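Coordinate inspection notes
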Amino acid sequence: MPTTSGLLRQPRAVWATAGASVVAFMGIGLVDPILPSIAQGLDATPSQVSLLFTSYFLITAFAMLVTGFVSSRIGGRRTLLLGLAFVVVFAGLAGTSDSVAELVGFRAGWGLGNALFVSTALAVIVGAAAGGSAAAILLYESALGLGMACGPLLGAVLGDASWRYPFFGTAFLMAVGFLCITAFLKEQPKPARKTSLLDPVKALGHGGLASAAASAFFYNYTFFTVLAFTPFVLDMTPYKSGAVFFAWGVLLAVFSVVVAPRLQERFGSLKVLGGSLVLLAADVLVLGYGSHTTAIVCTILSGAFIGVNNTVYTELALGVSDAPRPVASAGYNFVRWFAAAAAPYFAPKIEEWTDLHVPFVVAAVTAVLGAVVVAVRRKALMHEAEELTLRHATEDSVGVFAN
């Protein structure tokens, strides 16, 4: 397992990319505490406002087929800058929206930029980080956790004055990220073989990668039910909602970077993943049926299980098949982001059709289905899981990183 001191000794290009990644992930949770404010400001229903997530992740899913095609032709650095430019433009435009339809459309453009940036950022960090893929994945997950934690906080602070300000703030921060990437990241070597649009789909023909993607699909439905639907259930001021999701994000970051590797070393990746998914299912079920205070506690606690799951899924997706990492990542993300698009739309619809509790029952069921896929397809995933466990143990004993 990488040491803290070793993990921090990275080239400036890695820190610039990781820093911009933090802001990119902030954009996912940025709207969480201001969803009720947006609904009120634009005279929209929760299901209409939830389309901010649906459009964002639907475009992100399809864009995953494009990212490798683009980056293998123009290079990683230019792809990162292109993605950042898209986010700056569309995040700024989102702040000027006068209707939900406009805001949803601008969030779709934002999703395209984020897909180009995030998928390429992981490949760049893996390629440039000192210490190999183990250190790179932890850095990436650290950026994800920090961004998820700070996004709701920034949204709450700026959104307390106006729901428009968080969008302008994101555009500004991503512009800073653009300048940092321009200054510190040199062009990465292009792959010897250019990636086609269908390569990520073909990569899913590998049983292990397809299994990881299928399990992650169900898990992501649960994840984004918590992220996109819970703010309406909590019905709190932007500051209070932002504080809840900041605490959620802190747990996500700590468990993804610190706790998950230790659990994997002791119990193995698949046992950790299956157990964490079942615990997440129990947590969201209690969230849906508990009191308001219980719902707050369970929302925060879910960050721990989500953090563990994120780390294990990322490692499995990058290493379970023989496909190049960017291609494997694109195929895996292509599948799982569809659930991230579906959950924000269907959760409020299910509430309209039934009652407040049922969306969380559905989310609990999908988490269990994710665990079932892991259990049923354990042989397809076992080889990689064993390698990950051995890798962590070796790194811990000799104090070096494995590639």
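Overview of the structure. What you see is a predicted model, and the numbers here were worked out from it, not measured in a lab. (Residues numbered from 1 in each chain as written. Predicted model: local features only at pLDDT ≥ 70, side-chain atom pairs only at ≥ 80, totals over all residues. Heavy atoms only, no water.)

Once that is clear, we can look at the overall build of the protein. Scanning the protein from terminus to terminus reveals 17 helices and 0 strands. Over its C-alpha trace the protein gives a radius of gyration of 20 Å, about what one expects of a compact globule, namely 22 Å for 403 residues. Across its three principal axes, the protein shows a C-alpha extent of roughly 55 × 45 × 40 Å. A separation of at least 24 residues holds for 87% of the contacts in the protein among residues at least 6 apart in sequence. Carbon and sulfur atoms make up 68% of the accessible area of the protein, which amounts to about 15,100 Å² in all. One finds the centroid of the 23 positive side-chain charges in the protein at a distance of 11 Å from the centroid of its 21 negative side-chain charges. (Helix = DSSP H or I, 4+ residues; strand = E, 2+ residues; numbered from the N terminus. Rg over C-alpha atoms; globule rule 2.2 N^0.38 Å. Contact = heavy atoms within 4.5 Å. Areas by Shrake-Rupley, 256 points an atom, 1.4 Å probe, with all protein chains shown as cover. Lys, Arg positive; Asp, Glu negative; His and termini not counted. Charge placed at Lys NZ, Arg CZ, Asp CG, Glu CD.)

If you check helix α5 (residues 51-74), its first and last C-alpha atoms are 32 Å apart, about what 24 residues at 1.5 Å a residue would give, namely 34 Å. By the largest-angle criterion, Met-64 marks the main kink of α5, which is about 40°. Just past α5, the residue Gly-75 takes up positive phi, approximately 95°. (Expected span 1.5 Å × (residues − 1). Bend = angle between axes of the 7 residues up to and from the residue.)

Right, let's get into the nonpolar core. The biggest cluster of nonpolar side chains holds 123 residues, and the ones touching the most others in it are Ile-38, Phe-57, Phe-167, Phe-224 and Trp-248. Among the elements that make up this core, the one with the highest residue count is helix α11 (residues 207-234) (15 residues). (Core = buried A, V, L, I, M, F, W, Y, C linked by side-chain atoms within 4.5 Å. Buried < 20%, exposed > 50% of the residue type's maximum accessible area, 1.4 Å probe, protein only.)

Tracing the backbone through its elements, the reader meets Tyr-239 in helix α12 (residues 238-267). Here Tyr-239 falls in the partly exposed class, since its relative accessible area comes to 44%. Note: C-alpha distance between Tyr-239 and Pro-152 (87 residues apart in sequence) is 9.0 Å. Each residue touching Tyr-239, except ones within four places of it in the same chain, is listed here: Ala-156, Val-157 and Asp-160.

For the rest of this paragraph, the subject is a positive patch on the surface. On the surface, Arg-73, Arg-78, Lys-190 and Lys-194 cluster together to form a positively charged patch. The topology assignment puts Arg-73 in helix α5. Under the relative-accessibility criterion, Arg-73 is labelled partly exposed at 31%. (Patch = residues over 30% accessible without salt bridge, like charges linked within 9 Å, V, L, I, M, F, W, Y side chains within 5 Å. Salt bridge = Lys/Arg side-chain N within 4 Å of Asp/Glu carboxyl O.)

Tracing the sequence through the fold places Phe-69 in helix α5. Here Phe-69 falls in the partly exposed class, since its relative accessible area comes to 28%. Apart from residues lying up to four places away in sequence, Phe-69 is in contact with Thr-195, Ser-196 and Leu-197.

So, about the packing of aromatic side chains. Taken as a whole, this structure holds 19 aromatic pairs when the rule is applied. Seen from their ring centres, Phe-57 and Trp-337 are 4.9 Å apart, and the 15° between their planes marks the pair as stacked. Of the two residues, Phe-57 sits in helix α5 while Trp-337 sits in helix α15 (residues 325-353), which places them 280 residues apart along the sequence. Trp-337 shares its class with Phe-57; the two are buried. Arranged with centres 5.2 Å apart and planes meeting at 80°, the rings of Phe-334 and Phe-338 form a pair that is edge-to-face. Note that Phe-334 and Phe-338 are positioned in helix α15 at a spacing of 4 residues, about one turn of the helix. (Phe/Tyr/Trp six-rings, centres within 6.5 Å; stacked < 30°, edge-to-face > 60°.)

Moving on, we get to helix α9 (residues 165-184). The first and last C-alpha atoms of α9 sit 29 Å apart over 20 residues, in line with the 28 Å expected at 1.5 Å per residue. Three or more residues of α9 are buried, namely Pro-166, Phe-167, Gly-169, Thr-170, Ala-171, Met-174, Gly-177 and Ile-181.

Right, let's get into the state of the cysteines. Counted according to the given criterion, the structure contains 0 disulfides. There is no disulfide at Cys-150, and the cysteine sulfur nearest it, in Cys-180, is 16 Å away. According to the relative accessible area criterion, Cys-150 is partly exposed, its value standing at 24%. With a relative accessible area of 28%, Cys-180 lands in the partly exposed category. (Disulfide = S-S within 2.5 Å.)

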